[in-house]
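Fold and contact review
Here are the chains, one letter per residue:
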Amino acid sequence: MRGYFITFEGGEGAGKTSALAGVADQLIKRGYPVMVTREPGGIKISEKIRDILLDNSNIEMDARTEALLYAAARRQHLVEKVKPALDAGKIVLCDRFIDSSLAYQGYARDLGIENIYQVNQFAIEQFMPDLTLFFDIEPKKGLARIQANQTREQNRLDVEDLSFHQTVYEGYQILKKRFPVRIETIDAEKSLADVIETAYQKILLHINE
């Protein structure tokens, strides 16, 4: 039996990473086979690309270079880790996937959502998530969370100005309209416990349909 590929999306400080960990714990307690991973990263090659992408010193990186690096990391991660786990019947919970590239590079970097979609279709060969949870929070509030979190190291995207993050948020709104069946919204401004429970219930509903 093929597993389920579920992705967690949102702007900086949306809390999706913490929510993913909480949801994974809930599913594992219920006996579901779960694999947790992230993008960019998840495997050796993609983690090395991640280091390049998020390094604060790489401020000269061209937007198209950035987009292509994300797509390259995504390809290797997909074929080396995600697909084998799905073939083994696991529920794969992934922190970011193609929608991040569409919102960040396609819309916020002004490279064009359709252009980035086509680049990524070459990388993933029409492979898309079964379900995507978008963690919705106003960019200003998300960035405030990051600044208040002393244990979180700021990366190259965190230090972009508020207008960039606002544009990313607008990009996600466009994607929600483009993929209304796949993308479901979660109010990320609620408590972490509430967010985890809402995400968990949405996933249960999906895999039990």
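This text follows the structure it describes.
The paragraphs below set out a description of the structure included in this document.

Right, let's get into the sheet that holds strand 2 (residues 34-38). With parallel pairing, the five strands of this open sheet are ordered in space as 2-3-1-4-5. What marks the edges here is a single partner per strand, and that holds for strand 2 and strand 5 (183-187). On average, each strand axis in the sheet is tilted by 20° relative to the strand beside it, whichever way the strands run. Looking at chain direction, strand 1 (residues 4-10) and strand 4 (residues 131-136) are connected through five bridges and run parallel. By the bridge assignment, Phe8 is partnered in strand 4 with Leu133. The sheet strands contacting helix 3 (residues 63-87) are strand 1, strand 2 and strand 3 (91-95), and the helix crosses strand 2 at an angle near 165°.

This part covers the packing of aromatic side chains. Taken as a whole, this structure holds seven aromatic pairs when the rule is applied. Aromatic ring contacts, followed pair by pair, group Phe5, Phe97 and Phe127 into a single cluster. Sitting over the ring of Phe97, Arg74 keeps its end group 5.4 Å from the ring centre. If you follow Arg182 out to its NZ or CZ, it ends over the ring of Phe179, 4.4 Å from the centre.

The α-helix advances 3.6 residues per turn, and as a result positions three or four apart in sequence lie on the same side. If you check helix 7 (residues 162-178), its first and last C-alpha atoms are 25 Å apart, about what 17 residues at 1.5 Å a residue would give, namely 24 Å. Looking only at helix 7, the buried set comprises Phe164, His165, Val168, Gly171, Tyr172 and Leu175. Looking down the long axis of helix 7, one finds its buried residues gathered within 105° of arc, a one-sided arrangement. Considering only its buried residues, helix 7 is in contact with strand 1, helix 4 (98-108), helix 5 (113-124), strand 4, helix 6 (139-148) and strand 5.

As for its placement among the helices and strands, Leu27 is situated in helix 1 (residues 16-29). Distance from Leu27 to Leu204, taken between C-alpha atoms, is 8.6 Å for residues 177 residues apart in sequence. In contact with Leu27, not counting residues within four places along its chain, are Tyr32, Val34, Ile91, Leu93, Tyr200, Ile203 and Leu204.

Conventions adopted
Residues numbered from 1 in each chain as written. Predicted model: local features only at pLDDT ≥ 70, side-chain atom pairs only at ≥ 80, totals over all residues. Heavy atoms only, no water. Pairing = 2+ DSSP bridges. Helix = DSSP H or I, 4+ residues; strand = E, 2+ residues; numbered from the N terminus. Axes fitted to C-alpha atoms, helices over the stretch in contact; angles between N-to-C directions. Contact = heavy atoms within 4.5 Å. Phe/Tyr/Trp six-rings, centres within 6.5 Å; stacked < 30°, edge-to-face > 60°. Lys NZ or Arg CZ within 6 Å of the ring centre and 35° of its normal. Expected span 1.5 Å × (residues − 1). Buried < 20%, exposed > 50% of the residue type's maximum accessible area, 1.4 Å probe, protein only. Arc of directions from axis to C-beta.

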